[in-house]
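# Working through the structure, step by step
In case you want the letters, here they are:
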Amino acid sequence: MGEKSRVLAGGWITYLLCLGGVAVLALVTVWRYQHRGDKVLSASLLAMLSIFLTMAAMSLVPLDIHTVSQAASYASNTTVVELGNDLEIVYFTAYGLILSLAFVLLPFCYFFLEEREQEAGSKRIRRSLLYTGVSVAAFTIFLVIGLLLKPHASTGAGEDDLHYLADVLGEGHGRAALSFCFGVVCLLGYLSWLTYTACGLTALPLALIRGRRSLQADAEDLGDELASNRARMRELEARGGGG
């Protein structure tokens, strides 16, 4: 146990420090890019939580590499196996939290906040629960597909599919099902990201040519234009009155 603790100490302390930096990054990112005139506290907190969980899961990879490399240097094989099992639990806990966020919390909050000014609270809750149920049903379908999907083609003649289904849970296919669901979420995210950034990259050269102006400069230009229009209106009124 002491050997295992020595291996884990350095990696987890560094990881916790990284989590602090990730929390600050999520806070700054949401604060920088949120709409100044239409800020909702719950939406901001949810966006911060989404960024934090995603970056925390990504940060597990260097922790995994560090822990395994350190353990392989001087720890016993039993310690290496135990560390691998512990890290696997941490991985799937993080993935489970992300899937819960993607299929439950995000849909509910999105539809609950979508019409917050036009609908009563009880009606919004019912509608949000309805759409969240659709999202959970989609997740269940993905989970069943991942659970029943055979990892490799059959090599034996006359393989009994019922026997395969009976052994699914006992053979650890739940992990494969969870990985399949996470892969579906990543695929949808990549497609959305590619579609969204394609428009942004197309407009980037024009934005660089035009440059960016401050809000104060735009406000001054609008003020000057408004003053010029008012002066023009007074001039036309004076001409009309004099005529």
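Quick note: structure is the one above.
None of these values were measured; they are calculated from a predicted model.

## Comments concerning the side chain of Gln34
Relative to the helices and strands, Gln34 is located in the loop between α1 (2-33) and α2 (41-58). At 2.9 Å, the side chain of Gln34 and the side chain of Ser44 are in polar contact.

## Observations concerning the pattern of salt bridges
A complete count under the given rule lists 1 salt bridge for this structure. A salt bridge links Arg232 to Glu235; the nearest nitrogen and oxygen atoms lie 3.7 Å apart. Of the two residues, Arg232 and Glu235 both sit in helix α8 (residues 215-242), 3 residues apart, roughly one turn of that helix. The class for Arg232 is partly exposed, based on a relative accessible area of 43%.

## Digging into α2
Between its first and last C-alpha atoms α2 spans 26 Å; for 18 residues at 1.5 Å apiece the expected length is 26 Å, and the two agree. Here α2 has its buried residues at Ser44, Leu46, Ser50, Leu53, Ala56 and Ala57.

## Considerations on the packing of aromatic side chains
According to the stated counting rule, one finds 7 aromatic pairs in the structure shown. Three or more aromatic residues joined by ring pairs make a cluster, and in this case those are Tyr91, Phe92 and Tyr95. Here the basic side chain of Arg32 rests over the ring of Tyr33, its NZ or CZ set 5.2 Å away from the ring centre. Residue placement shows Arg124 over the ring face of Phe112; its charged tip is 4.1 Å from the ring centre.

## A short note on a nonpolar patch on the surface
A contiguous nonpolar surface patch, about 260 Å² in accessible area, is contributed by Leu49, Val104, Leu105 and Val136. Positionally, Leu105 belongs in helix α4 (residues 77-114).

What counts and what doesn't
- Residues numbered from 1 in each chain as written.
- Predicted model: local features only at pLDDT ≥ 70, side-chain atom pairs only at ≥ 80, totals over all residues.
- Heavy atoms only, no water.
- Helix = DSSP H or I, 4+ residues; strand = E, 2+ residues; numbered from the N terminus.
- Polar contact = N/O pair within 3.5 Å; in protein donor to acceptor, adjacent residues only side chain to side chain.
- Salt bridge = Lys/Arg side-chain N within 4 Å of Asp/Glu carboxyl O.
- Buried < 20%, exposed > 50% of the residue type's maximum accessible area, 1.4 Å probe, protein only.
- Expected span 1.5 Å × (residues − 1).
- Phe/Tyr/Trp six-rings, centres within 6.5 Å; stacked < 30°, edge-to-face > 60°.
- Lys NZ or Arg CZ within 6 Å of the ring centre and 35° of its normal.
- Patch = residues over 30% accessible without salt bridge, like charges linked within 9 Å, V, L, I, M, F, W, Y side chains within 5 Å.
- Areas by Shrake-Rupley, 256 points an atom, 1.4 Å probe, with all protein chains shown as cover.

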